[in-house]
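# An overview of the molecular structure
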Amino acid sequence: MSPDPQARIGAAVRSLADAVPVDPPDPAALMARATTRPGRWRPLLSAAGVLGVLTAAALGPGLLAQPATPTGGTVLPTRLAGLSLLTAPVSEAPPGPALLMYVQGSGGPRRLHTLQTVVLSADGHTYRRLDEAERRGGPAELGTWQDAPALLAPDGTRVAVGSTGSAADVAVVDLRAGVTSTSAAVGAGTVQPLAWSPDGTRLAYTVGDTESAVLDLTTGTSTRLASPATAAAFSPDGRRLAVQGTPDTEVEPRRAIRILDLAGGEVVTELAPAGFGVLIAGQAAWSPDGRWLAVADNAGVGKLDCTISFLRTDLRDPGAPPAPIVTKEQIALVGWAAADRPLVTQGGATEHRTVSGPDLRPLTTADGSTTYDLQAATTLLPAARVAPGGDPDRGPWPVWLRLTTAAAALAAVGLGWLLWSRKRSTG
């Protein structure tokens, strides 16, 4: 016997185990059982695996959605993607800084999203739906929904949203985080954003037809303008504001254009009265060098030429203004690629289908869907390169579609299990 106690204990345990009688199973019986009676849990586990894969495919885009980030610099795509009812909202999938914003589609019920205010990221292929414009919109004629007016900030990081119905505040959407903040307006009524200051700290807006103000977004306070404005544009240094008031008379509306000193509020320059239908050409109307103010004349669209011309902002400036841009279609100013190179959109009376330079050679074209009220982040335009945008990124599917897809996947797996069970019982 071994003198080691552990060895003696091990030998005793083995002898006890060897003393237990064991009847080994018949190998032929085991093989027959394995081939004729598959485990009942095997199909269930397979079905669960398939269901898991399908559910992940359906729900995964929403669970993994992250704010988009520009890649490869700022891209002005050669073609804008058409309308999609599956475009994700900004609040659920922020696109990051946007280069363009426009209205796309035609009227319809709000929940169908057949009319959308779309923001296009600076990467040239990430599209999102500005759902805050939908929330602050309202019903139009024939039971259709109209989005609230919106205005893209010069650096593309934010959007100011007004209202189509009575409101007492101005909304600002952060495109990087998808969150919305509001500031009190000077009154209640329909709110129309008019112009951002170049540094994005102030916003000119109107309330109804009687009040106009400049909102300081750093403090949330508004300063009333002396008279209501229908159009406005900040100077490049942000110290002056060009405003255009309501028509002087009902018979011959000649909306005067005045340049205000924002420090004191007084008029420093009064330009020649604009003719019938001539308006300040949007918030980007001031040229980058501060010498010219663009005005658009679309009063005779369809019968007369439409033009963008340029007024001196300093009446003592002896230089000749740039030549007018003339087209047969409705025209609007988008921004400036350089001090001497304005960018415009042109198209039908209710749609703008191209972005062009002063030579009207198209740089960007809309893809089929009605597209209008196109705006650009003016500080991003000079560095933008014109290139194909690639496949559009619409963001995660709507929740209802993801759930519907998951339910359809579950139903398909259930049907497959039922057919397999019946085949097994009759086989």
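See the structure above.
Residues numbered from 1 in each chain as written. Predicted model: local features only at pLDDT ≥ 70, side-chain atom pairs only at ≥ 80, totals over all residues. Heavy atoms only, no water.

Turning to the overall build of the chain, a few remarks are in order. For the chain, the helix and strand inventory stands at 5 helices and 29 strands. Relative to its 427 residues, the chain shows a buried fraction of 43%. Contacts in the chain between residues far apart in sequence, at least 24 positions, make up 49% of those at least 6 positions apart. (Helix = DSSP H or I, 4+ residues; strand = E, 2+ residues; numbered from the N terminus. Buried < 20%, exposed > 50% of the residue type's maximum accessible area, 1.4 Å probe, protein only. Contact = heavy atoms within 4.5 Å.)

So, on to the sheet that holds strand β22 (residues 306-312). Spatially, 4 strands are ordered β20-β21-β22-β23 in an open sheet, and the strand pairing comes out antiparallel. Here the strands that pair on one side only, and so sit at the sheet edges, are β20 (278-280) and β23 (325-327). Sheet twist, expressed as the average angle between the axes of neighbouring strands with direction ignored, equals 25°. Here strand β21 (residues 292-297) pairs with β22 via 6 bridges, running antiparallel. Bridged to Ala294 within β22 is Phe310. (Pairing = 2+ DSSP bridges. Axes fitted to C-alpha atoms, helices over the stretch in contact; angles between N-to-C directions.)

Before going further, it helps to spend a moment on the pairing of strand β16 (residues 231-234). Across the two faces of β16 the burial is the same, with Ala231 and Ala233 and Ala232 and Phe234 all buried. Note that β16 and strand β17 (residues 240-244) share 4 bridges and pair antiparallel. Looking at the pairing, Phe234 lines up with Leu241 of β17. Adjacent in sequence and paired antiparallel, β16 and β17 are bridged by 5 residues, among which Gly238 carries a positive phi angle near 75°.

Using the criterion set out here, one finds 12 salt bridges in the structure. Among the ionic pairs, Asp131 bridges to Arg135, the shortest N-O distance being 3.3 Å. One end of the pair is Asp131 and the other is Arg135, both in helix α4 (residues 131-135) and 4 residues apart, which spans about a single turn. For Arg135, a relative accessible area of 44% puts it in the partly exposed group. Between Arg291 and Asp317 there is a salt bridge, with its nearest N and O atoms 2.8 Å apart. Note that Arg291 is positioned in the loop between β20 and β21 and Asp317 in the loop between β22 and β23, a separation of 26 residues in sequence. With relative accessibility at 33%, the residue Arg291 sits in the partly exposed group. A single salt-bridge network, built from bridges that share partners, covers Asp131, Glu132 and Arg135. (Salt bridge = Lys/Arg side-chain N within 4 Å of Asp/Glu carboxyl O.)

Once that is clear, we can look at the packing of aromatic side chains. Taken as a whole, this structure holds 1 aromatic pair when the rule is applied. Looking at Arg394, its charged tip hangs above the ring of Tyr127, at a distance of 5.1 Å from the centre. (Phe/Tyr/Trp six-rings, centres within 6.5 Å; stacked < 30°, edge-to-face > 60°. Lys NZ or Arg CZ within 6 Å of the ring centre and 35° of its normal.)

Soluble, globular proteins show a tendency: their nonpolar side chains are buried together. The biggest cluster of nonpolar side chains holds 34 residues, and the ones touching the most others in it are Leu100, Leu130, Val159, Val161 and Leu175. With 5 residues, the single largest contributor to this core is strand β3 (residues 98-105). With residues near it in sequence (within four places) discarded, Leu100 still touches Leu76, Leu80, Val118, Val119, Leu120, Leu152, Leu374, Gln375 and Ala376. Formed by 25 residues, the second largest nonpolar core is a distinct cluster that contains Ala281, Trp292, Ile308 and Ile331. (Core = buried A, V, L, I, M, F, W, Y, C linked by side-chain atoms within 4.5 Å.)

Let us now look at the pairing of β21. The side chains of a regular strand alternate, residue by residue, between the two faces of the sheet. For β21, the tally of buried residues reaches 5 of 6 residues, placing the bulk of the element in the interior. Strand direction decides the pairing type here: β20 and β21, joined by 3 bridges, are antiparallel. For Ile280, the partnering residue across the bridge sits in β21 and is Val295.

A separate point is empty space enclosed by the protein. Taking a probe equal in size to a water molecule and rolling it over the atoms shows the remaining empty space. In total, this model carries 1 cavity of 30 Å³ or more according to the counting rule given. For the largest cavity, the calculated volume is near 50 Å³. Grouping the amino acids of the lining of the largest cavity by side-chain chemistry returns 3 nonpolar, 3 polar and 3 charged. (1 Å grid on protein atoms, 1.4 Å probe; cavity = no way out; pocket = protein on both sides within 12 Å on 5 of 7 lines; lining within 4 Å. Points joined across faces, edges and corners; volume = space filled by probe spheres on them. Nonpolar A, V, L, I, M, F, W, Y, C, P; charged D, E, K, R; others polar.)

Positive phi outside glycine occurs at Leu360, with the angle close to 65°. Examined against the element boundaries, Leu360 turns out to sit in the loop between β26 (354-356) and β27 (362-366). Residues other than glycine seldom take positive phi values, yet Asp373 does so here, at roughly 50°. Note that Asp373 resides in strand β28 (residues 371-376). The class for Asp373 is partly exposed, based on a relative accessible area of 40%.

On to the sheet that holds β3, then. The 4 strands lie next to each other as β5-β4-β3-β28, forming an open sheet whose pairing is antiparallel. In this open sheet, the two strands that pair with only one neighbour each are β5 (127-129) and β28. Taken over all neighbouring pairs, the strand axes of this sheet differ in orientation by 25° on average, direction set aside. For β3 and strand β4 (residues 115-121), the ladder comprises 7 bridges, and the chain directions are antiparallel. Each bridged residue has a counterpart across the sheet, and for Tyr102 the counterpart in β4 is Val118.

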